[in-house]
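Secondary and tertiary structure notes
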Amino acid sequence: MMQKYPLLEIDLNKLKTNVENVVKECKERGIEVAGIIKGTSALEPCIGAFVEGDIGQIGSSRLEQLELAKKNYPDKQCLMIRIPMISEAEDIVRYSDISLNSEIKTMIALDKAAKDQGKTHKVIIMADIGDLREGYRNLDEIIEIALEVEAMDNLILAGIGTNIGCYGSVFASKEKLQELVDIAVAVEGRIGRNLEMVSGGATSSFMRVLDGDIPSGINHLRIGEHILHARDLDVFYGYDLENMNQDIFTLKCEVIELKTKETHPVGEITIDAFGKKNQYEDRGFRKRALLAIGKVDIGSFEDIYPKEEGMEVVGGSSDHLILDVEDYKKPLDIGDIVEFKINYGSGVYLTSSQNVKKAFV
Ligand SMILES: *Cc1c(COP(=O)(O)O)cnc(C)c1O
């Protein structure tokens, strides 16, 4: 079968440039970068672009993705960024060199797995500085756990890390990140040596690099969104990102119907295909295009943006997208291709959807 659309085009040169830019800006401040590939669903050419851009480590929240990275690039360090499951301890040690951790039971399992494989495995102990996802909230507990890990034969306590912004929406301020440095310094005092890594967060912490006020002591960041899309820091925080490519991904979809219809459904309104009750704004009759792509490929219709002016995503269902084209001034026909920009949210779905073809340019 030679299906052509929907198509996701990925510009690998632009991706590599973004990797290089972030690596360079961090290096100037003594910070190493783990490139987080989960937003690409570990498409192999994308992993390649991270490696070519000289990324410090390849990181992912999914072990299958690290397994793939490890097989293709055995010399590249792999970082597991989601707290491991005990049930995957053996593979964590097999396919990742470093993992982020927050439970001693799991670290005991990792220590045993490493011993069985005749290896050592590095761990970063996660401190929760208020965002309330993973990590220890209490300094005494972090120190106690650090001392326990320090005494293990097959685990190496590589550092202390945190994650901020993902669940609790906490802003990665200079003061917040200083809390992490203070924790790391306290741990270093108790174990009597310097830690290799103080891992200060994700894209949201990169703002501190751009502002030049990242607390000294933080020497590692884990960056995904800012490399892949460079959108959040621009759209939500107003950063001028002129050296970053914001159009690495282009989504192309085909028009399968073009008609002028009512904008408010006609009949008694109940629930949609996903069991949701929706509001429909009555804008009278408008011209709309139906495209062959849907929620299962995109996640949310709010996460793709038509490139052309005069087009507006109205909604859709699992396999259809409705595009308002009343204000679109150029010709549009059945079989034509409409282009969209995407963001991190839709990117995760699009890259993993088997319905969506991928092309690397
Ligand atoms: C996803 C993730 C990252 C990367 O986040 P971005 O905002 O995409 O940079 C970093 N660390 C952890 C623990 C993550 O889960």
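This text follows the structure it describes.
Residues numbered from 1 in each chain as written. Predicted model: local features only at pLDDT ≥ 70, side-chain atom pairs only at ≥ 80, totals over all residues. Heavy atoms only, no water.

**Regarding helix 6 (residues 139-150)**
- With twelve residues, helix 6 extends 16 Å between its outermost C-alpha atoms, agreeing within 8% with the 16 Å of an ideal straight helix rising 1.5 Å per residue.
- For helix 6, the complete set of buried residues consists of Ile142, Ile143, Ile145, Ala146 and Val149. The arc that holds the buried residues of helix 6, viewed along the axis, is 165 degrees, so those residues lie on one side.
- Those residues of helix 6 that are buried lie in contact with helix 5 (104-116), strand 6 (121-126), strand 7 (155-161) and helix 7 (174-191). (Helix = DSSP H or I, 4+ residues; strand = E, 2+ residues; numbered from the N terminus. Expected span 1.5 Å × (residues − 1). Buried < 20%, exposed > 50% of the residue type's maximum accessible area, 1.4 Å probe, protein only. Arc of directions from axis to C-beta. Contact = heavy atoms within 4.5 Å.)

**Focus: empty space enclosed by the protein**
- Counted under the stated rule, the structure contains one cavity of 30 Å³ or more.
- Considered as a void within the structure, the largest cavity measures approximately 40 Å³ in volume.
- As for the largest cavity, its lining consists of Leu228, His229, Gln246, Asp247, Ile248, Phe249, Lys341 and Ile342. (1 Å grid on protein atoms, 1.4 Å probe; cavity = no way out; pocket = protein on both sides within 12 Å on 5 of 7 lines; lining within 4 Å. Points joined across faces, edges and corners; volume = space filled by probe spheres on them.)

**Remarks on the packing of helix 1 (residues 12-27) against helix 2 (residues 44-52)**
- Two elements in contact, helix 1 and helix 2, have axes whose closest approach is 8 Å; the angle formed by their N-to-C orientations is 40 degrees. Relative to helix 2, helix 1 is oriented oblique. Remark: the crossing between helix 1 and helix 2 carries right-handed chirality. Contact with helix 1, carried on its side by Leu12, Leu15, Lys16, Val19 and Glu20, involves Pro45, Cys46, Ala49, Phe50 and Glu52 of helix 2 and no other residues of that element.
- Its residues assigned to classes, the contact of helix 1 with helix 2 shows seven nonpolar, no polar and three charged. (Axes fitted to C-alpha atoms, helices over the stretch in contact; angles between N-to-C directions. Parallel < 35°, antiparallel > 145°, perpendicular 65-115°, else oblique. Left-handed = near helix turned anticlockwise from the far one by under 90°. Nonpolar A, V, L, I, M, F, W, Y, C, P; charged D, E, K, R; others polar.)

**Comments concerning the site of the ligand**
- Within the structure, the ligand sits among 14 residues, and Lys38, Thr203, Arg222, Gly224 and Glu225 are positioned closest to it.
- One of the side-chain nitrogen or oxygen atoms of Thr203 is found 2.6 Å away from an oxygen atom of the ligand.
- Contact distances for the ligand include 2.9 Å between a nitrogen atom and a side-chain N or O atom of Arg222.
- By residue class, the composition of the shell around the ligand is six nonpolar, three polar and five charged. (Near = heavy atom within 4 Å. Polar contact = N/O pair within 3.5 Å; in protein donor to acceptor, adjacent residues only side chain to side chain.)

Purely geometric numbers; function is a separate question.
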